[in-house]
Amino acid sequence: MILKDDVVVQTTYENLIAIGASASYDKSIKRNDFLRIINDFYRRDDVKKLAIDQGLDSEIFKNVYVSFRKYCMQSTSLPDDFNLILNDIVSGSSNVTAMFPYFFQHARQMFPHLKCVDDLRKISDLRNPGNWYPDARSMKRKIIFHAGPTNSGKTYHALQRFMNSDSGVYCGPLKLLASEVFHKTNTAGTKCDLVTGEERRLVDTDGKPANHVACTVEMTNLNTLYDVAVIDEIQMIRDPQRGWAWTRALLGLQAKEIHLCGEISTQKLLEELLLTVEDDFEVRQYQRLTKLSHLDHAIESFDNVRSGDCFVCFNKNDIFHITRELEKRGHEVAVIYGSLPPSTKLLQARRFNDPNDKCKILVATDAIGMGLNLSIKRVVFYSLVKSQMNDEGNKQKADVTTSQALQIAGRAGRFGSAFPDGEVTTFRRDDMSRLNEILNQQAKPIERAGLHPTAEQIEMFAYYLPKQSLSSLIDIFLTLSQLDRNLYFMCNVDDMKYLADIIEHVPLSLQVRYVFSCAPINRRIPFVCAMLLKYAQRFGQNEPMSMEWLLKEINCSFEVPSTVTALAHLEEVFDCFDLYLWLSCRFPQMFPDKQSVHTLQMKLDRIIHCGVRNIVQHAEHSEPGKDTLAKQTKVSAMC
């Protein structure tokens, strides 16, 4: 017997054809001969190819080899036909590949999915994703690609077509952008609804859906027929985690006219993708509307800042260090980074943009790259190094890419703002030449679009493999999946698998488990992951989650934070509310207090905004490296 993953797997060969009595290989084959044979078997490329053809990836192949070798070495008797094969190999009258049928039989006992590998391969065949959307394929669609840099008017022209159509959908990368289009469209006199993962807002008080909708790209409805669709930031089709959502929208939208907005580096890939579905394709190129100057000197000192400056860095520690230095010099500072709630980002942006506000300096991460309208005169790169996700799904430190640098630098200067012309430079002199090199390079062409296993595909896998965990089903799917790797890549699913493992012991149906595992949370934040587990456990007990229960589990005093640590905790609480709202849109009966949680979340948003101002304004009184400030302020004394 072999113990694997806490399950005892019987590894006898009762199903093999046995001829006569079994005999130990020891009686006819020396130990060293067998080790030589089995090691040679493991190293051979033709054996590895046979294994891959039968659904054994490198990891499974290695595990089976270790187990098979151990079985053979420890067994007191082996089937006669297998002994004969071994003797023939030793004598040179047979090739080591003759062992493969016995090796594969062992593999099938260890990994049951190998017994139905042909059916599973058909389910996980992703080579023609365009065929997943027969309704879209039955239409003659016109695709118009608005290609250009930041501040070139490309999205404006696409949105004009959207607003003036009889029906339309806007698909954006962020809640902020979807919300902005929602407000703009309604202000322009075209009724428009808002749909994000956490919110459904119908503009009609009677609850009748409008003909236009602004949504986050993951929430794109592929079952509705539209006259016009807009897919914003199409270059995110290459995103290692979210790219599948742009691919899905591009191939699956039922719209007569689809407007894509994004970087010119996406053009070749789009041409190739749309050729496979025979859609008409047109490219409209745009140039930047205002001047952007690359300065030839760094600012080098915080004494050299001026109104309209935006410092860009790539971690929170740098943000508060820069803020402290600027506050010491009498500057009021706005702060924007990724984990801040959307409304807090907007409020910080409004302070910075307001000509009557004393706040004239912005400190931000690359979160300003999209989703916010900002009156920036000069972008100052405090650093050029950020954590990037590589092709294997692992984070590593690397210089910002040309695409990222251009997106950020392009925020300087804005048509129709107080600073129509922009400038870009660095804080450190040593970074100047590297920044100019990055900005002057051509952005690398985007070569492939993301794909992702669907709930239906995983459910079909579970039909064949009912005893496998969701995480195991995903692993097997990835192992067997077939892609056209010239056009597509498989998006990273590590976050999904991690969440699936967290809730594996909770009694949930596969469909519910899949939804929970897709929750858009940061798995590196233990507090939020623990809350996901609590939601799942309560769901498994069929107990609805009330506002009273939620407040008890959160156990948070809603006070304006005066330390960075306290601020970070409130951001985590905000994410827990976000998660509740996300789940309530999918399971309204189990998460019934959606409106109450939304109201409290808005209150928390204001508290976080005041906390940011509180910390920023008192930063000059903090010693570097300390996380202590003035005494915490109660909500009743909020700014």
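Residues numbered from 1 in each chain as written. Predicted model: local features only at pLDDT ≥ 70, side-chain atom pairs only at ≥ 80, totals over all residues. Heavy atoms only, no water.

Draft legend 1. Layout of the pattern of salt bridges. The full count for this structure, using the stated rule, is 32 salt bridges. Across the pair Asp366 and Lys386 runs a salt bridge whose closest N-O atoms are separated by 2.5 Å. Taken together, the residues Asp366 in the loop between strand E14 (361-364) and strand E15 (378-381) and Lys386 in strand E16 (residues 385-389) connect sequence positions 20 residues apart. In this structure Asp366 comes out as partly exposed when scored by relative accessible area, which is 30%. Given a relative accessible area of 13%, Lys386 falls into the buried group. Note that Lys534 and Glu553 form a salt bridge whose closest N and O atoms lie 3.2 Å from each other. Here Lys534, found in helix H20 (residues 526-540), pairs with Glu553, found in helix H21 (residues 547-554); they are 19 residues apart in sequence, far enough to count as distant. Its relative accessible area of 24% is what places Glu553 among the partly exposed residues. (Salt bridge = Lys/Arg side-chain N within 4 Å of Asp/Glu carboxyl O. Helix = DSSP H or I, 4+ residues; strand = E, 2+ residues; numbered from the N terminus. Buried < 20%, exposed > 50% of the residue type's maximum accessible area, 1.4 Å probe, protein only.)

Draft legend 2. Up close: the packing of aromatic side chains. All chains considered together, the criterion is met by 27 aromatic pairs. Ring centres of Phe100 and Phe104 lie 6.0 Å apart, and the angle between their planes is 10°; on these two criteria the pair is classed as stacked. Separated by 4 residues within a single helix, Phe100 and Phe104 lie in helix H5 (residues 100-110), roughly one turn from each other. Look at Phe104 and you get buried, because its relative accessible area is 12%. (Phe/Tyr/Trp six-rings, centres within 6.5 Å; stacked < 30°, edge-to-face > 60°.)

Draft legend 3. Spatial organisation of the environment of Val277. Positionally, Val277 belongs in helix H11 (residues 267-277). Of the residues examined, Val277 reaches a relative accessible area of 10% and is grouped as buried. In this structure, Val277 is in contact with Gly130, Arg137 and Leu251, ignoring residues within four places of it in sequence. (Contact = heavy atoms within 4.5 Å.)

Draft legend 4. Highlighting the pairing of strand E8 (residues 225-231). Counting buried positions along E8 yields 6 of 7 residues, so the element is predominantly enclosed. Pairing of strand E4 (residues 168-172) with E8, which is carried by 4 bridges, proceeds in the parallel orientation. Each residue of the ladder has a partner; that of Tyr170, found in E8, is Val230. Judged from the 6 bridges that link them, E8 and strand E9 (residues 254-262) form a sheet pairing that is parallel. Bridged to Ile231 within E9 is Leu260. Handedness of the E8-helix H10 (residues 243-252)-E9 crossover: right-handed. (Pairing = 2+ DSSP bridges. Right-handed = clockwise from strand over helix to strand, strands pointing away.)

Draft legend 5. Focus on the domain arrangement of the protein. Assigned domains within the protein: domain 1 (18-110), domain 2 (129-285), domain 3 (298-428) and domain 4 (492-620). A C-alpha centroid distance of 55 Å is found between domain 1 and domain 2. (Domains from an automatic or database assignment.)

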